[in-house]
Amino acid sequence: MILLGLSAIVTSCHDKKSPNYQYFPNMYESVGYETYAESNAFKNGKEGQLPAVGSIKRGYVPYEYENSTAGYDLAKLNSKSPLDSISPKDMDKAKELFEIYCAICHGVAGNGKGKLATQGKILGIPSYADRVINEGSIFHVQTYGLNSMGSYANQLDAHERWLVAAYVVKLKSEL
């Protein structure tokens, strides 16, 4: 009798024609979307939301000098490092960044005798001793590139470029 009552309770709650209630059914039975298809999820039906006019991405620091000879000259005259003081730890970081990105061409000492120069792969790399440079001009060249040197703005953020500029000035004083 107890067995019969227990089996009736267990089987009476289960209906194979209508399954139990699903929480968040769209998680189990999602709609498939084509990758580049138009969607009505956005206001204009074709593309996502655009950023507000005049907005800048997080972490971006505007640089007011243009990519030209005049911009280089202005940066050389007016651009100053925002770093108040550079600690020995920062200078170690600057040296590390210089050796990763710059020494392959400019040499560890900044004399223009990097590995690519000594192997003849790239010619005409200047020694820092031969140049009239300062932190502003170095930062400008790292940001935009100059002659056959490309920009390093994608590899180094603004703070790192200022550190490297300070390190290059230090190397120039030692040559």
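Heads up: the structure comes first, above all this text.
Described in the following lines is the structure provided in the data block. Because the structure is predicted, anything quoted here is derived from the model rather than measured. (Residues numbered from 1 in each chain as written. Predicted model: local features only at pLDDT ≥ 70, side-chain atom pairs only at ≥ 80, totals over all residues. Heavy atoms only, no water.)

**Overview of helix α7 (residues 135-144)**
The element α7 is largely enclosed, with a buried count of 8 among its 10 residues. For α7, the set of buried residues is Gly 136, Ser 137, Ile 138, Phe 139, His 140, Val 141, Gln 142 and Thr 143. In this structure Asn 134 caps α7, since a side-chain oxygen of it lies 3.1 Å from the backbone nitrogen of Gly 136. Positive phi appears at Gly 145, one or two residues downstream of α7, with a value of about 90°. (Buried < 20%, exposed > 50% of the residue type's maximum accessible area, 1.4 Å probe, protein only. Helix = DSSP H or I, 4+ residues; strand = E, 2+ residues; numbered from the N terminus. Polar contact = N/O pair within 3.5 Å; in protein donor to acceptor, adjacent residues only side chain to side chain.)

**Some remarks on the packing of helix α3 (residues 69-78) against α7**
Taken N-terminus to C-terminus, the directions of α3 and α7 make an angle of 140°; their axes are 6 Å apart at the nearest point. In this structure, the crossing between α3 and α7 has a hand that is right-handed. Contacts from Gly 71, Tyr 72, Ala 75 and Lys 76 of α3 reach α7 at Gly 136, Ser 137, His 140 and Val 141. Per-class residue counts for the contact of α3 with α7 are 3 nonpolar, 4 polar and 1 charged. (Axes fitted to C-alpha atoms, helices over the stretch in contact; angles between N-to-C directions. Left-handed = near helix turned anticlockwise from the far one by under 90°. Contact = heavy atoms within 4.5 Å. Nonpolar A, V, L, I, M, F, W, Y, C, P; charged D, E, K, R; others polar.)

**Topic: the packing of aromatic side chains**
Here the structure, examined in full by the defined rule, presents 7 aromatic pairs. Their ring planes at 55° and their centres at 5.4 Å tell us that Phe 98 and Tyr 167 sit as a pair that is tilted. Taken together, the residues Phe 98 in helix α4 (residues 88-101) and Tyr 167 in helix α8 (residues 158-174) connect sequence positions 69 residues apart. Take Phe 98 and Tyr 167: they sit in the same class, and that class is buried. Here Tyr 101 and Tyr 152 contribute two aromatic rings whose centre-to-centre distance is 6.0 Å and whose plane-to-plane angle is 70°, an arrangement assigned as edge-to-face. With Tyr 101 in helix α4 and Tyr 152 in the loop between α7 and α8, the pair connects residues that are 51 residues apart, well separated along the chain. You can call Tyr 152 partly exposed: its relative accessible area is 22%. In textbook terms, an aromatic cluster arises when at least three aromatic residues are bridged by ring pairs, as seen for Tyr 63, Tyr 65, Phe 139, Tyr 144 and Trp 162. (Phe/Tyr/Trp six-rings, centres within 6.5 Å; stacked < 30°, edge-to-face > 60°.)

**Regarding the environment of Gly 124**
By the element assignment, Gly 124 lies in the loop between α6 (115-118) and α7. For Gly 124, a relative accessible area of 69% translates into the label exposed.

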